[in-house]
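# Descriptive analysis of the structure
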Amino acid sequence: MTKSLFGALFFILAAGSAASAQEAIDKPRADAFDQRLFAGPLAPDTTYACFVRRYDAAHLAKHPKQKVAAMKLLVTAENPPDEKITNYSFPLGVKYRHRPGNFDSSGSCNHVIAENTGGEIRLGCGVDCEGGGLQVALSKDDRSAIIRLERIRIWQNDKPDDEAEDELVAGADDNIFRLDRAPNQECASLVTDRKELAALRHK
């Protein structure tokens, strides 16, 4: 997918409603993808999938242009009792190899058809106000998430809002990340709402 098409995808995701985006995807195939992503059927309320990668010194030595030293992704599927559609969202956590601090981002997701992959379904996730986004695919054994991005707005979470905004822009070694499936508690640091954090810890 080209950068322009990738950007257009996230513009559409941000501008269109979740319902209209979901209607364009074959539901049985989308359900099958969800079952793989969340390692089982969705719960009646909220379901989580956590993926984590901490890059070791050997990997970073082989990829000297990689800016990211660690990444966490939590994908959430929520079924509100008064709605007939599942809402998907994500928080993302990033640590850089040469910059101090913890960075994060968040947004909403929908199923998308990836180009040039034989119609593979992924999650396309975007950040509001043209903040870029990412795509979430799965490895063949479903044990890892394959994260693809061109640009995503992030914030340094220990700085005031007017100083915290930044961007992770894909470079030679920062456009595709393979994150391993992990217990939900590994992604607890990405959740700030107390009720959601309690629900996550009991899943």
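What counts and what doesn't
Residues numbered from 1 in each chain as written. Predicted model: local features only at pLDDT ≥ 70, side-chain atom pairs only at ≥ 80, totals over all residues. Heavy atoms only, no water. Helix = DSSP H or I, 4+ residues; strand = E, 2+ residues; numbered from the N terminus. Contact = heavy atoms within 4.5 Å. Areas by Shrake-Rupley, 256 points an atom, 1.4 Å probe, with all protein chains shown as cover. Disulfide = S-S within 2.5 Å. Buried < 20%, exposed > 50% of the residue type's maximum accessible area, 1.4 Å probe, protein only. Pairing = 2+ DSSP bridges. pLDDT = per-residue confidence, 0-100. Salt bridge = Lys/Arg side-chain N within 4 Å of Asp/Glu carboxyl O.

When you go through the chain residue by residue, the secondary structure sums to 6 helices and 9 strands. Within the chain, contacts between residues separated by at least 24 positions form 57% of all contacts whose residues are at least 6 apart in sequence. Carbon and sulfur atoms make up 51% of the accessible area of the chain, which amounts to about 11,000 Å² in all.

As a further point, take the state of the cysteines. The final tally for this structure, using the stated rule, is 2 disulfides. Residue cysteine 50 pairs covalently with cysteine 187 via a disulfide, S to S 2.0 Å. Classification of the bridge connecting cysteine 50 and cysteine 187 rests on its S-S torsion, roughly 85°, and on that basis the disulfide is right-handed. Placement of the pair is cysteine 50 in strand S1 (residues 46–54) and cysteine 187 in the loop between strand S9 (176–182) and helix H6 (194–201), with a sequence separation of 137 residues. Like cysteine 50, the residue cysteine 187 is buried in the burial classification. Ordinal numbering of bonded cysteines along the chain defines a disulfide pattern of 1-4, 2-3.

Further remarks concern the pairing of strand S3 (residues 87–96). Buried residues dominate S3, accounting for 7 of its 10 residues. Across 7 bridges, the pairing between S3 and strand S4 (residues 103–113) is antiparallel. From the neighbouring strand, valine 94 faces S4, where its bridge partner is phenylalanine 103. Between S3 and the antiparallel strand that follows it, S4, lie 6 residues; glycine 101 among them carries a positive phi value of about 100°.

It is worth spelling out the confidence of the model for the chain at this point. Parts of the prediction with low pLDDT should not have their coordinates interpreted in detail. Looking at the chain as a whole, its pLDDT mean stands at 84, while 80% of the residues score no less than 70. Note on residues 1–23: pLDDT is under 50 here. Beyond four places in sequence and across chains, it has 34 contacts.

Below, the discussion takes up the pattern of salt bridges. By the definition in use, this model includes 7 salt bridges. A salt bridge links aspartate 174 to lysine 67; the nearest nitrogen and oxygen atoms lie 3.4 Å apart. A residue pair is termed long-range when its members are at least 10 positions apart, and aspartate 174 in the loop between strand S8 (165–169) and S9 and lysine 67 in the loop between helix H4 (57–62) and strand S2 (68–78) qualify at 107 residues. On the basis of relative accessible area, aspartate 174 is assigned to the buried category, the value being 0%. Between glutamate 120 and arginine 122 there is a salt bridge; the shortest N-O distance is 3.2 Å.

A word on the pairing of strand S5 (residues 121–126). Counting buried positions along S5 gives 6 out of 6 residues, so the element sits mostly inside the fold. The two faces of S5 match: Ile121, Leu123 and Cys125 on one face and Arg122, Gly124 and Gly126 on the other face are all buried. As judged from the 6 bridges shared by S4 and S5, these two strands associate in the antiparallel manner. Across the sheet, the residue bridging to asparagine 110 is glycine 124, located in S5. Bridge analysis of S5 against strand S6 (residues 132–138) gives 4 bridges, and the strand direction is antiparallel. Within S6, the position partnered with leucine 123 by the bridge is valine 136. What sits between the antiparallel neighbours S5 and S6 is a turn of 5 residues, in which cysteine 129 has the positive phi angle 60°.

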